[in-house]
Number of protein chains: 2
Amino acid sequence: MKNIYLLGTTGSIGLQTIEIILKYPQKFNVVGLSFGATKKEIHEELINKLDPEVIHFREANNFQEKYPHKTIYYGEEGLLQFVSYPKEGLVVNALSGSAGLRPTIKAIESKKDIALANKETLVMAGEIIKRLLKKHQVKLFPIDSEHNAILSCLRGEEKRDIKTITLTASGGPFKDLAKEELENVTVREALNHPNWQMGEKISIDSATMANKALEIIEAHYLFDLDYKNIKAVIHPESIVHGMVSFSDGSTKALLSSPDMKMPILYALSYPKRYPTGIKELNFDNLALNFVKIDEKRFPLIKLAYYVGEKKGLYPAVFNAANEAAVKLFLKEKIKFLEIEEIVIKMVQDFKDNIIKPTITDIIEISKEVERKVLSKYGFYY
Amino acid sequence: MKNIYLLGTTGSIGLQTIEIILKYPQKFNVVGLSFGATKKEIHEELINKLDPEVIHFREANNFQEKYPHKTIYYGEEGLLQFVSYPKEGLVVNALSGSAGLRPTIKAIESKKDIALANKETLVMAGEIIKRLLKKHQVKLFPIDSEHNAILSCLRGEEKRDIKTITLTASGGPFKDLAKEELENVTVREALNHPNWQMGEKISIDSATMANKALEIIEAHYLFDLDYKNIKAVIHPESIVHGMVSFSDGSTKALLSSPDMKMPILYALSYPKRYPTGIKELNFDNLALNFVKIDEKRFPLIKLAYYVGEKKGLYPAVFNAANEAAVKLFLKEKIKFLEIEEIVIKMVQDFKDNIIKPTITDIIEISKEVERKVLSKYGFYY
């Protein structure tokens with residue numbers, strides 16, 4: 001029985017994680033649920049259904065009176081206490097954006113393994129996370145379907161035999177539009193992903209390919225590979241999720257229907273494989289296409305390699321600028337193409353890099369970049 | 001340093017094996033070379049280049065005088081002494097057809113691991129081979145690209161998680177022709193495989209899909225799977241060689257350029273991977289297609305499942321009928337479509353199955369079927 005702490009319970013990954021956990025009551029036990037700003041009724045329903053020992057809410061409420069025997073924490077600091085709760089287990093970090101960083105660190109420090117859907121954690125502070133994982137002998141399993149696929153392809157393989165890894169990208173909803181045609185796309189169009197049902201932030205990131213850009217940086221830290229050995233390619237069918245090419249000329253690929261329950265369960269059960277009940281692939285009539293990413297059309301891909309190689313605070317600047325720009329786009333304060341323009345501008349303007357930053361350095365620069373971007377567009381927080 | 005005994009030295013697989021061995025002189029040492037009916041000059045050149053301790057020739061010659069310090073064997077029985085040569089090593093069995101069976105058995109009995117290109121060995125006597133491998137604690141590595149790919153996909157995986165395996169088939173040179181159009185295809189057309197450079201027998205087998213049929217039976221024994229869990233699918237590009245589908249809904253695939261040096265080297269170096277120097281795959285513009293096999297168009301596929309399930313002598317009957325029919329076709333004694341007609345007829349007519357046959361039973365029925373087929377067409381041997 002594996003104890004599970006779930007962060008981002010009512011998000012897309014959170015709810016799918018619960019679906020899986022409920023399918024395997026003999027394998028997983030929900031110890032903790034952390035809730036964001038969704039409805040009270042949903043919180044109550046999930047608490048009653050899953051009966052966690054410890055609960056965290058982003059905002060204050062009267063649940064402690066309702067559930068006097070449960071440990072309840074509130075707010076940003078409460079989340080850190082939540083992941084430090086003194087019972088061993090696996091923390092599923094399905095938070096969105098840079099809010100995921102500090103809870104990940106605290107979870108590692110309290111010796112809990114991590115199933116990570118929050119790629120921003122590794123993008124912002126990959127070096128620090130790697131050091132902490134080693135220090136506390138904690139394991140981290142990626143939930144991102146691409147990295148999860150690569151984890152699967154690496155089973156039984158030797159590090160020295162890896163030549164390159166390839167992350168596939170659907171290309172998002174605007175793959176077939178020319179740059180000019182992107183000028184006036186709406187939020188609604190950008191949220192309409194062709195293959196995956198996902199949260200808002202990641203859906204927009206998928207349309208700009210910032211998502212693949214972040215994943216390239218994530219892969220660098222997860223698999224300890226040079227950037228030149230990390231590739232990305234457009235694969236419109238989203239059937240092949242990741243590939244590993246070996247020194248002998250062979251390439252191993254992981255395929256599945258595009259359903260996040262597969263990588264979520266694999267991250268939770270690793271190295272075991274449990275049936276997910278997702279739709280089986282049918283090879284009786286299947287076409288899998290791979291197309292080069294046009295770096296002019298998707299400039300954030302090239303920028304990811306640039307900030308990745310620069311190291312230090314650069315990836316955090318990229319991430320914070322993107323996060324803020326996506327917020328502005330979702331609020332209809334900027335146009336779609338302004339997202340990448342803002343990210344490029346913030347990276348170009350950044351001067352004071354620190355090669356070995358602390359977590360405080362990273363959080364400070366992230367807040368500074370976010371403030372710059374948001375305030376410029378008259379959006380204060 | 002691994003000692004290598006090579007059977008079928010001057011065939012397609014044999015020569016590619018030598019190419020690889022010469023690339024890794026610090027890894028492999030040729031102890032033995034066995035030669036078929038090719039030219040004396042080629043034999044001499046390879047003996048001088050590779051300097052084996054022991055040599056076998058199918059036919060008598062004067063090489064013992066030329067090489068007084070080498071151990072030389074001749075003929076069918078000599079081949080069994082050759083593989084029993086008292087020096088440990090790996091036997092690469094690249095013989096064509098049923099001639100490969102007895103040397104494989106003798107090699108196992110003399111505790112030499114096997115790299116097997118001769119699928120007929122497993123088709124004819126899979127149960128016996130499996131028993132002998134276990135008894136003598138000998139390992140067998142498939143060279144067939146499909147099975148080799150599956151071996152690669154199974155690294156680090158658990159048997160219980162395997163749901164199905166899928167062998168890919170190029171469809172051969174006549175994939176796009178209707179059955180009627182096959183009536184008058186020539187030997188030359190049948191030998192012209194679109195993707196692979198191979199020997200004559202396997203090229204014809206590829207055109208009739210007898211090759212895939214034999215591989216289905218081979219896979220049953222190699223991977224210890226029920227026939228219902230072994231699938232085959234047409235994949236015209238010959239880039240994906242084999243796939244394993246797991247209980248969690250994921251499928252692992254092995255891809256490479258169609259070059260036999262990859263699987264040969266992997267069978268020789270397993271579990272290590274050495275660089276092969278084969279052309280890397282380029283995912284910048286690649287399409288991979290999968291199409292259901294039409295069992296009416298390729299009836300030997302269905303027949304393979306039938307003889308496989310029947311067990312005992314049935315697979316040997318299928319194999320012997322096919323081998324004889326291919327001989328007749330290559331000699332232009334029968335038309336292309338008669339190959340499958342003969343195989344179907346011989347299987348239909350077979351009555352006296354033995355569920356647990358001995359090697360003698362298997363060899364006798366194979367000879368009997370071959371005699372029946374060849375004599376009917378006035379071709380005696």
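Because the structure is predicted, anything quoted here is derived from the model rather than measured.

## Examining the overall build of chain A
Thought 1: A tally of helices and strands in chain A yields 15 helices and 12 strands.
Thought 2: In terms of overall size, chain A behaves like a compact globule, its C-alpha atoms giving a radius of gyration of 20 Å where 381 residues would be expected to give roughly 21 Å.
Thought 3: Along the three orthogonal principal directions, the C-alpha set of chain A runs to about 55 × 55 × 40 Å.
Thought 4: When burial is assessed residue by residue, chain A has 60% of its 381 residues classed as buried.
Thought 5: In chain A, once contacts between residues fewer than 6 apart in sequence are set aside, the share between residues at least 24 apart is 67%.
Thought 6: For chain A, the accessible surface area stands at approximately 15900 Å², while carbon and sulfur atoms represent 50% of it.
Thought 7: Looking at charge distribution, chain A has the averaged site of its 53 positive side-chain charges lying 4 Å from that of its 50 negative ones.

## Some points on the interface of chain A and chain B
Thought 1: Listed by partner, the interface residues are 41 residues for chain A and 41 residues for chain B.
Thought 2: Regarding the contact of chain A and chain B, the summed buried area is about 3500 Å², with carbon and sulfur atoms giving 49% of it.
Thought 3: Per-residue buried area on chain A facing chain B is highest for D248, R273 and F283 of chain A; these three make up 20% of the total on that side.
Thought 4: Here chain A and chain B share 10 salt bridges between them.
Thought 5: Across the salt bridge formed by D284 of chain A and K292 of chain B, the nearest N and O atoms sit 3.9 Å from each other.
Thought 6: At the junction of chain A and chain B, the tally comes to 24 residue pairs in polar contact (both at pLDDT 80 or more).
Thought 7: The set of elements that each furnish at least two residues to the side of chain A that touches chain B consists of α7 (145–153), β10 (240–246), β11 (251–255), α11 (261–269) and β12 (285–291) of chain A.
Thought 8: With seven residues, the single largest contributor to the side of chain A that touches chain B is β12 of chain A.

## Regarding the sheet that holds strand β4 (residues 71–74) of chain A
Residues and elements named next belong to chain A.
Thought 1: Within the open sheet, the seven strands sit side by side as β4-β3-β2-β1-β5-β6-β7. Their pairing is parallel. Only two strands of the sheet have a single partner each, and these edge strands are β4 and β7 (140–142). Taken over all neighbouring pairs, the strand axes of this sheet differ in orientation by 20 degrees on average, direction set aside.
Thought 2: In the sheet, strand β6 (residues 113–116) pairs with β7 via three bridges, with the strands oriented parallel. Counterpart to A115 in the pairing with β7 is F141.
Thought 3: Contacts from helix α2 (residues 40–50) reach β2 (28–35) and β3 (54–57), with the element oriented near 160 degrees to β2.

Rules of the game
Residues numbered from 1 in each chain as written. Chains lettered and ligands numbered in written order. Predicted model: local features only at pLDDT ≥ 70, side-chain atom pairs only at ≥ 80, totals over all residues. Heavy atoms only, no water. Helix = DSSP H or I, 4+ residues; strand = E, 2+ residues; numbered from the N terminus. Rg over C-alpha atoms; globule rule 2.2 N^0.38 Å. Buried < 20%, exposed > 50% of the residue type's maximum accessible area, 1.4 Å probe, protein only. Contact = heavy atoms within 4.5 Å. Areas by Shrake-Rupley, 256 points an atom, 1.4 Å probe, with all protein chains shown as cover. Lys, Arg positive; Asp, Glu negative; His and termini not counted. Charge placed at Lys NZ, Arg CZ, Asp CG, Glu CD. Buried area = accessible area lost by both parts, 1.4 Å probe. Salt bridge = Lys/Arg side-chain N within 4 Å of Asp/Glu carboxyl O. Polar contact = N/O pair within 3.5 Å; in protein donor to acceptor, adjacent residues only side chain to side chain. Pairing = 2+ DSSP bridges. Axes fitted to C-alpha atoms, helices over the stretch in contact; angles between N-to-C directions.

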